[in-house]
Amino acid sequence: MLSAVILALVAIAFVMIVIEDIIHVNKAKTTLFFGTLCWILAFIFPMHGATSSDISEQLNHNLLEIATLWLFLMSTMTFVAYLNSKGFISQVVQRLLPAELSERRLMFIIAVFAFIFSSFADNVTATLVAIAVISSIKLEVKKRIQYATLIIFAVNSGGVSLITGDVTTLMFFLAGKVTITNLLLLILPSLFAVAVLAILLSRKMKGRIVLEKSPKPIEKADVIIAIIFASTIGSTLLFNILFQIPPVLTFLFGLGVMFLAAQYLLRKKTGVNILSYIREVEFDTLLFFLGVLLLVGIMKEIGVLTNITHLYQYLEPVQANYLMGLMSALIDNVPLTAALLKADLTMTTAEWLTLTYATGVGGSILIIGSAAGIIAMSKVKELTFGTYFKMAGYLLGCYSLGYVGVYFVGQFALA
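Because the structure is predicted, anything quoted here is derived from the model rather than measured. (Residues numbered from 1 in each chain as written. Predicted model: local features only at pLDDT ≥ 70, side-chain atom pairs only at ≥ 80, totals over all residues. Heavy atoms only, no water.)

1. Structural notes on the packing of aromatic side chains
Then, number 1: For the structure shown, the criterion picks out 14 aromatic pairs.
Then, number 2: Each ring, one from Phe72 and one from Phe251, has its centre 5.1 Å from the other, and the planes form 65 degrees; the classification is edge-to-face. Of this pair, Phe72 sits in helix 4 (residues 52-85) while Phe251 sits in helix 13 (residues 247-265), placing them 179 residues apart in sequence.
Then, number 3: The lysine or arginine in question, Lys27, covers the ring of Phe288, its NZ or CZ lying 4.5 Å from the ring centre. (Phe/Tyr/Trp six-rings, centres within 6.5 Å; stacked < 30°, edge-to-face > 60°. Helix = DSSP H or I, 4+ residues; strand = E, 2+ residues; numbered from the N terminus. Lys NZ or Arg CZ within 6 Å of the ring centre and 35° of its normal.)

2. Remarks on the nonpolar core
Then, number 1: One finds Phe153, Tyr357 and Leu383 to be the most contacted residues of the largest nonpolar core, which totals 140 residues.
Then, number 2: If you tally residues by element for this core, the top one is helix 4, at 12 residues.
Then, number 3: Among all residues touching Leu383, those that are not within four sequence positions of it are Ile145, Ala148, Ile152, Ile367, Ala376, Met377 and Tyr388. (Core = buried A, V, L, I, M, F, W, Y, C linked by side-chain atoms within 4.5 Å. Buried < 20%, exposed > 50% of the residue type's maximum accessible area, 1.4 Å probe, protein only. Contact = heavy atoms within 4.5 Å.)

3. A look at the packing of helix 8 (residues 141-159) against helix 11 (residues 187-201)
Then, number 1: Following both chains from N to C, one finds helix 8 and helix 11 inclined at 175 degrees, their axes separated by 10 Å at the closest point. Compared by their axis directions, helix 8 and helix 11 come out roughly antiparallel. Contact residues: helix 8 offers Gln146, Thr149, Leu150, Phe153, Ala154 and Ser157, while helix 11 offers Ser190, Ala193, Val194, Leu197, Ala198 and Leu201.
Then, number 2: Each residue belonging to the contact of helix 8 with helix 11 can be placed in one class, and the counts come to eight nonpolar, four polar and no charged. (Axes fitted to C-alpha atoms, helices over the stretch in contact; angles between N-to-C directions. Parallel < 35°, antiparallel > 145°, perpendicular 65-115°, else oblique. Nonpolar A, V, L, I, M, F, W, Y, C, P; charged D, E, K, R; others polar.)

4. Some remarks on the side chain of Thr31
Then, number 1: Within the element layout of this structure, Thr31 appears in helix 3 (residues 27-44).
Then, number 2: Excluding anything up to four places from it in sequence, Thr31 contacts Ile17, Leu287, Phe288, Gly291, Val292 and Leu295.

Encoded structure:
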């Protein structure tokens, strides 16, 4: 009986996530409420002869996984929150772009920028910065939609190759399904798919663009903190490969270095407290992840997630993984990824790589399928579900092309 109740509550929570824009209830509130409620019910009405200590052990196991993810994301988001609030990122972008260029060239520059930047920063920040660039340019409505479409796909594609770029990639890594070295294999096929989309979308673009620039001085302190951020990312990848140091530990160390450096660099500025930038972290995003993982955790404990493996009984993993990517366009990829990990699937490393790409990029096919899409839709008024859906054929083709590329790269490199 309790299993049915919990499953109903989980279903309600996931439906409320999908219709968030309709009911105007933040998905962080929804998932946190239902996630904690389900665990409370598990304590009050224990199932299968479980004792309170058994349920506590299960909860503690889930909380440990959640805490690791939480602390890592909090560290990266604090760096980005500081640099973004100081205008460092937008100023660097302005300096890198030429004063005049063709529409087609801008398409490729935006694609490469979004792809690379989303690998190191979170998808939200990468999308906001890239959208800000095209919003400052006078473009036809159709072209603005095409640029925004490319940004969404490029941001999601870039994020899958590094644990700093996409939450689902981080989840696969923390679960031990892929290594950092494995993930680097995703870069070429992902970038190739983005390049193909840029070619398709820019075929009829023949105009030129003049950029209005308003450069401002970049403070020395901001440059040093940006270097600390880049060094933290590099050392995280290197130390994990060489010494298997958990990324969360390296990033927390980098955050500590940032705080100490800022204490010295900002010592002459009154009223500036570097710790205050933690408050600018998007805690609604972190609370959403907490709620989702609590929901998926309780589904694991009551045995519901075993049903997800049924698809893998009828299809080969490569086929099933491709479909999971399409499913992520309709279902938030964080709970989908968490559910797949909890389902204890048995696959090769190459097959886990295809699933990593699928859940990270598949959400690009529909505007509601990824955080990047939702953010772009809120910033570009011409971008709606309908206008974006007109690009679905291009997006599906490029997703499929990237997926096939990941499959063959994995087969060749990991054979």
